[in-house]
Amino acid sequence: MTMPFDALNDVSDEALLIAFGNGDAASARALTMRLTPKVLGYAARMLRDRAEAEDVAQEAMLRLWKIAPDWRQGEAKVTTWLYRVVTNLCTDRLRKARGTGLDEIAEPEDERPSQEAVLMQRQRLDALETALASLPDRQREAVVLRHIEGLGNPEIAEILEISVEAVESLTARGKRALAKALASQRKILGFEDDGS
């Protein structure tokens, strides 16, 4: 049974994946539109390279389509499975990049208009990205999944294949390390008044 595209907005990820596994192309389009921006954003934050992130997102979605016919509902959420795949793909790429020195290449500058608010936001994002990059991989994964992607600790634990307590510990240590890394930049980033 093929549903109208607009009607698929209220259908769960799992139901869409099962429908695609049974041959419903509209379900695949709806799931792609729903999930690709999420995994692309996560991969971009992990890799700090948009082209690499696009490759990872595409590979993760291809893997999702391959397992669709065999998906067993109730074993895991689609997003949990997908974030785990993206995490593993990013980890593999980061390990390879470290071996070849590619992580030494500077990020290209953003060429948006020089409005003050846009520049300040860019500075803040760059500082956050740099601080995130300084974290150990597992802390960065936990912090990004929790505080940027907005996932709950149980889902993060499932994605990273660790306990909820380990997620809480990684997240807390990551947040402390970020605060310490960003502390000296508070005034520059506009978080303190000039008169203080």
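This text follows the structure it describes.
The rules behind each value
Residues numbered from 1 in each chain as written. Predicted model: local features only at pLDDT ≥ 70, side-chain atom pairs only at ≥ 80, totals over all residues. Heavy atoms only, no water. Helix = DSSP H or I, 4+ residues; strand = E, 2+ residues; numbered from the N terminus. Buried < 20%, exposed > 50% of the residue type's maximum accessible area, 1.4 Å probe, protein only. Contact = heavy atoms within 4.5 Å. Salt bridge = Lys/Arg side-chain N within 4 Å of Asp/Glu carboxyl O.

**Student:** I'd like a rundown of the overall build of the protein, residues and numbers included.
**Tutor:** In terms of regular secondary structure, the protein is built from eight helices and zero strands. Sequence-ordered secondary structure for the protein, helices as α and strands as β, is α-α-α-α-α-α-α-α. Counting every position in the protein, which comprises 196 residues, the buried fraction comes to 36%. In the protein, of all internal contacts separated by at least 6 residues, the share reaching a separation of at least 24 is 63%.

**Student:** Run through the pattern of salt bridges, naming residues and quoting values.
**Tutor:** In the structure shown here, the tally under the stated rule is ten salt bridges. Glu59 is the salt-bridge partner of Arg63, the closest N and O atoms lying 2.8 Å from each other. Here the residue Arg63 and the residue Glu59 both occupy positions in helix α3 (residues 50–67), the gap between them amounting to four residues, near one helical turn. We classify Arg63 as partly exposed; its relative accessible area is 36%. A relative accessible area of 29% places Glu59 in the partly exposed class. The residue Arg84 makes a salt bridge to Glu161 at a minimum N-O spacing of 3.8 Å. A residue pair is termed long-range when its members are at least 10 positions apart, and Arg84 in helix α4 (residues 78–100) and Glu161 in the loop between α7 (153–160) and α8 (164–183) qualify at 77 residues. Under the relative-accessibility criterion, Glu161 is labelled exposed at 59%.

**Student:** I'd like a description of the side chain of Glu155, backed by residues and values.
**Tutor:** Here Glu155 is to be found in helix α7. Accessibility expressed as a relative area gives 12% for Glu155, which makes it buried. Setting aside its immediate chain neighbours within four residues, Glu155 contacts Lys77, Thr79 and Thr80.

**Student:** Go over the environment of Pro154, please, and point to the residues and values.
**Tutor:** For Pro154, the location among the structural elements is in helix α7. Distance in space between the C-alpha atoms of Pro154 and Thr80 is 9.9 Å, their sequence separation being 74 residues.

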